[in-house]
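So the chains spell out like this:
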Amino acid sequence: MKAARAETAKQFAFYGYVMVISGLLLLPFIVTLLRSLTVTLPDGRTTLGFRPYLDIIGAFWPKVYLSLSISITTILIDTAIGIPAAYALVRYNFRGKKTLYTLLNGVWYVPGICYALSLILAYYFLYKWFLGYWGFIAAYTAGFLLLMIMTCIVAFRYLDPCYEESASCLGAGRLTTFFKVTLPLIGPGVSAGILLIFVLAFNEFITALLLNPPTRLMTAPVRVYADIRNYGVREFIAAEAVILQLISLAVVIVYLKLVGTKYLRGVILV
Amino acid sequence: MTRIVAKDVSKFYGETKAVYRAHLEAKDSEFVTILGPSGCGKSTTLRIIAGLIRADEGRVYFDDKDVTHLPPNRRNIGFVFQRVALFPHMNVRRNIVFGLKARHVPGREIDRRIKEVLAIVHMEGFENRSPSQLSGGQAQRIEIARVLATNPDVLLFDEPLSNIDAKLRDELKFEIRKIQRETGKTMIYVTHDQGEAFAISDRIYVMSQGIVEQVGTPTELYLDPSTPFVASFIGQNNFITGKLEKIDSASGVGTILTDGIEIRTQIPDGFASGDKVTACVRPEDIEIIPETQPKPEEATKGTIIESIFMGNATRLHVDAHGTVLKVDLRGPERFSYLNVKGKEVFLSMKKCTVIKGHQA
């Protein structure tokens with residue numbers, strides 16, 4: 001009896017602990033969501049409603065489209081460059097391969113602001129020539145390419161070379177083998193890179209903020225920041241934030257439904 | 001159909017000689033096996049012939065054509081891998097069609113070929129299965145069908161049965177042999193399994209540590225091993241090391257002397273008195289001389305120290321002056337040697353192979 005009670009108490013303590021941690025993690029999102037649904041009545045009382053979503057300033061939506069456009073273009077270019085690069089890195093041995101891997105890993109430890117500054121300095125000439133959009137794309141493409149290469153490297157390492165060898169022995173040339181055999185088999189791995197780039201590029205802030213003056217392009221996260229600067233923390237701004245979160249969340253959920261978690265090991269907890 | 005020649009091919013990985021000056025030939029329609037323990041270079045040799053690995057030295061010819069620098073897809077080969085290499089994202093039919101399209105087989109012929117090859121491997125009706133729905137044996141049959149469909153000049157099999165359970169393996173090896181006979185294709189088959197190699201091969205190349213040790217038919221290798229490695233790798237053997245004494249020049253019979261054991265046997269050419277030699281005697285070639293019979297002068301005296309009943313034979317371990325000899329009794333006398341530890345016996349060696357040098 002005593003032992004059973006002690007067991008129950010232990011379980012309570014454990015669940016309590018988990019709940020507190022979960023609460024701490026989720027609290028900011030819940031508060032933002034509640035704030036985005038808060039309506040202040042003329043008499044000063046507050047109630048819940050969708051009014052803040054209707055109050056979002058019309059100029060916000062074009063920024064969302066711009067963010068989507070930049071993210072998708074970045075993904076397309078990074079996929080086209082990243083897959084062959086990863087393939088070469090995995091399948092061919094060359095001098096300095098290990099050093100290159102170390103360098104690639106090292107990029108993650110560069111502080112965001114420094115990385116953003118480097119990208120801007122490096123691609124400055126493009127802003128002058130193309131007046132914005134493609135300069136933006138250049139910085140983003142370079143900034144997120146590594147993510148694509150890393151996920152593709154994992155995918156290629158998972159891929160047993162015997163499939164490509166057997167395709168070759170059956171008489172298929174390199175291109176046929178790549179498009180009919182290699183690509184379908186690493187597809188899910190590539191999609192993990194696409195997902196990560198989307199989520200990070202769509203929500204990227206530092207580079208976008210620094211690029212705003214020279215390109216006169218404002219992405220959605222920068223717009224949220226600008227609105228806070230101009231209006232203070234208001235309900236409609238919370239609504240803007242929630243919309244950005246929902247778009248990312250929707251993409252992640254669709255991905256997990258379609259592909260599953262296999263290729264996200266080490267990136268997300270499963 | 002096609003003669004394959006791998007002329008003195010070598011492959012180095014750093015300091016390691018994976019394959020060293022291996023010379024291999026397979027005649028038209030011949031079934032050649034490369035046999036050896038793991039890491040002996042047999043798979044590397046096969047992959048060099050297929051074009052999956054570039055040889056560092058040597059050349060590969062199909063008939064008179066030098067294919068050394070051709071990629072696998074331009075050699076018209078059929079390669080069956082150890083692991084099942086069916087494309088997991090295609091069903092059986094599409095897997096076979098892949099090879100047919102790669103070899104530009106006209107569309108109207110595709111269905112006929114698929115039917116034909118699935119019949120050969122007894123897998124009719126499996127067209128729409130995905131590879132994940134096949135057992136190991138079924139998948140390997142489909143793999144063979146996929147390879148046959150492309151009508152290759154040569155068949156190269158790299159331990160295709162090593163991941164399949166024993167009973168099925170037995171069945172499949174004879175089927176592979178039958179397919180090879182019926183199609184008349186030149187075949188090189190790699191295995192570490194001696195039984196498999198003996199059962200299906202016309203000729204066997206025995207490899208060890210990157211070099212070809214001996215080439216021959218199964219019987220030649222068994223009866224007349226030419227190196228200590230082959231003698232120990234093929235079947236069971238007793239190794240008696242000693243010195244060659246007095247060769248009778250007329251009859252060619254010599255005497256090998258070692259501590260307390262004297263063996264009289266036919267000595268091949270190229271040996272001289274005083275050579276260090278190893279006499280290889282198979283356990284079934286040692287006889288126990290019945291007590292009632294007279295003992296010849298060179299009979300070896302020994303003491304039975306172990307007796308193991310194995311069903312079709314009884315294996316005795318006989319200590320002969322410090323050398324432990326394995327003796328297999330196959331006839332009815334095997335039942336009378338079940339509890340005989342400590343018994344003294346006289347042995348006679350019916351047959352032995354003499355090899356230069358001392359087997360480690």
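Refer to the structure above for everything that follows.
Residue indices follow the written sequence of each chain, beginning from 1 at its first position. Chains and ligands are labelled sequentially in the order written, the chains with letters from A and the ligands with numbers from 1. In keeping with the predicted nature of the model, local features appear solely for residues at pLDDT of at least 70, side-chain atom pairs appear and are counted solely at 80 or more, and the whole-chain, interface and lining totals rest on all residues.

S.K.: Could you clarify how one ought to interpret the overall build of chain B in this entry?
M.R.: Scanning chain B from terminus to terminus reveals 8 helices and 20 strands. Projected onto its principal axes, the C-alpha positions of chain B cover 80 × 45 × 35 Å. Three classes are used. A residue is buried when 20 or more other C-beta atoms lie within 10 Å of its own, exposed when 12 or fewer do, and partly exposed in between, with C-beta atoms placed from the backbone. In chain B, which comprises 360 residues, the proportion classed as buried is 40%. Contacts in chain B between residues at least 24 apart in sequence constitute 65% of all its contacts with a sequence separation of at least 6. Every helix listed is a DSSP run of H or I at least four residues long, and every strand listed is a run of E at least two residues long, numbered separately from the N terminus. Think of it this way: build a C-beta for each residue from its backbone, and any pair within 7 Å is a contact.

S.K.: Looking at this structure, I do not really get the overall build of chain A. What am I missing?
M.R.: Regarding its fold elements, chain A presents 12 helices and 2 strands. Shown N-terminal to C-terminal, the secondary structure of chain A runs as helices and strands in the order α-β-β-α-α-α-α-α-α-α-α-α-α-α. Note that the radius of gyration is over C-alpha atoms, with the globule rule given as 2.2 Å times the number of residues to the power 0.38. Against the 2.2 N^0.38 benchmark of 18 Å for 270 residues, chain A shows a C-alpha radius of gyration of 24 Å, more extended than a compact globule. Along the longest, intermediate and shortest principal axes, the C-alpha atoms of chain A span 80 × 75 × 30 Å.

S.K.: Whenever I open this one, the interface of chain B and chain A confuses me. Can you help?
M.R.: For interface size, the figure often reported is the accessible area lost on association. The interface of chain B with chain A comprises 17 residues on the first partner and 16 residues on the second. Contributions of two or more residues to the side of chain B that touches chain A are made by β6 (77–80) and α2 (92–102) of chain B. At 3 residues, the largest contribution of residues to the side of chain B that touches chain A is made by α2 of chain B. Three residue categories are used. Nonpolar comprises Ala, Val, Leu, Ile, Met, Phe, Trp, Tyr, Cys and Pro, charged comprises Asp, Glu, Lys and Arg, and polar comprises the others, including Gly. Partitioned by chemical class, the residues of the side of chain B that touches chain A number 11 nonpolar, 4 polar and 2 charged.

S.K.: Would you mind going over the sheet that holds strand β13 (residues 261–266) of chain B with me for this structure?
M.R.: Backbone hydrogen bonds are what pair the strands of a sheet, in a parallel or an antiparallel way. Residue and element names in this part refer to chain B. Two strands qualify as a pair provided that DSSP identifies no fewer than 2 bridges between them. Read from one edge to the other, the open sheet built from 5 strands follows the order β13-β12-β11-β14-β20, with strand pairing classed as antiparallel. Only two strands of the sheet have a single neighbouring strand rather than two, namely β13 and β20 (353–356). Looking at each pair of strands side by side, their axes are set apart by 40 degrees on average, direction ignored. Of the strand pairs in this sheet, strand β12 (residues 253–258) and β13 are connected by 6 bridges, and their pairing is antiparallel. Only the stretch in contact is used when a helix axis is fitted, and all axes are lines through C-alpha atoms; the angle between N-to-C directions ranges over 0 to 180 degrees.

S.K.: Is there a simple way to explain the packing of α2 of chain B against helix α3 (residues 107–120) of chain B in this structure?
M.R.: When two helices pack together, their arrangement is captured by the angle between the axes and the distance separating the axes. Residue and element names in this part refer to chain B. Direction vectors running N to C along α2 and α3 enclose 120 degrees, while the axes themselves pass 10 Å from each other. Taken together, the axes of α2 and α3 are oblique relative to one another. Here α2 runs over α3; the crossing is right-handed. Touching R93, I96, V97 and L100 of α2 are I110, R113, I114 and V117, all from α3. Of the residues in the contact of α2 with α3, the class split is 6 nonpolar, no polar and 2 charged. By definition in this entry, angles of less than 35 degrees are roughly parallel, angles greater than 145 are roughly antiparallel, angles of 65 to 115 are roughly perpendicular, and the rest are oblique. When the near helix sits turned anticlockwise from the far one by under a right angle, the crossing is termed left-handed; a clockwise turn instead gives a right-handed crossing.

S.K.: Would you mind going over the packing of helix α9 (residues 174–203) of chain A against helix α12 (residues 235–258) of chain A with me for this structure?
M.R.: Residues and elements named next belong to chain A. At their nearest, the axes of α9 and α12 sit 10 Å apart, and the two run at 175 degrees to each other. The orientation of α9 with respect to α12, classified from their angle, is roughly antiparallel. Taken together, the residues of α12 that come into contact with α9 (itself represented by S191, L195, F198, V199, F202 and N203) are L244, I247, S248, V251, V252 and Y255. Split into classes, the residues belonging to the contact of α9 with α12 amount to 9 nonpolar, 3 polar and no charged.

S.K.: I tried to follow unusual backbone geometry on my own but got confused; where do I start?
M.R.: For residues that are not glycine, phi is negative in most cases, and the peptide bond is trans in most cases. The phi dihedral of D8 of chain B is positive, around 45 degrees, even though this residue is not glycine. Relative to the elements of secondary structure, D8 of chain B occurs in strand β1 (residues 4–13).

S.K.: Sorry if this is basic, but what is going on with α3 of chain B here?
M.R.: Residue and element names in this part refer to chain B. Here, expected helix span is obtained from the residue count minus one, scaled by 1.5 Å. Taking 1.5 Å of rise per residue, 14 residues should cover 20 Å, and α3 covers 21 Å from first to last C-alpha, within 8% of that figure. Taken as a whole, α3 has its buried residues at I114, V117 and L118. When α3 is viewed along its axis, its buried side chains cluster within an angular range of 100 degrees and face the same direction. Exposed and oriented more than 90 degrees from the buried face of α3 are R108, E109, R112, K115 and A119. Of the surrounding secondary structure, the elements contacted by the buried residues of α3 are α2 and α4 (136–149). Looking at the residues trailing α3, positive phi occurs at H122, about 55 degrees. The arc in question is the one spanned by the directions pointing from the helix axis to the C-beta atoms.

S.K.: For this particular structure, what's the right way to read the environment of I256 of chain B?
M.R.: Residue and element names in this part refer to chain B. Relative to the assigned elements, I256 resides in strand β12. Taking the C-alpha atoms as reference, I256 lies 53 Å from V121; in sequence the two are 135 residues apart. Apart from the residues lying within four places of it in its own chain, the contact partners of I256 are G242, L244, I263, V277 and A279.

S.K.: Help me understand the environment of L221 of chain B, please; the structure alone is not making it clear to me.
M.R.: Residues and elements named next belong to chain B. Within the secondary structure layout, L221 lies in helix α7 (residues 218–223). The sequence separation of L221 and Y61 amounts to 160 residues, and the corresponding C-alpha distance is 26 Å. Those residues within four positions of L221 in sequence are excluded, and the remaining contacts are I204, V206, Q214, G216, V230 and I234.

Such coordinate-based values are descriptive only and should not be taken to indicate function.
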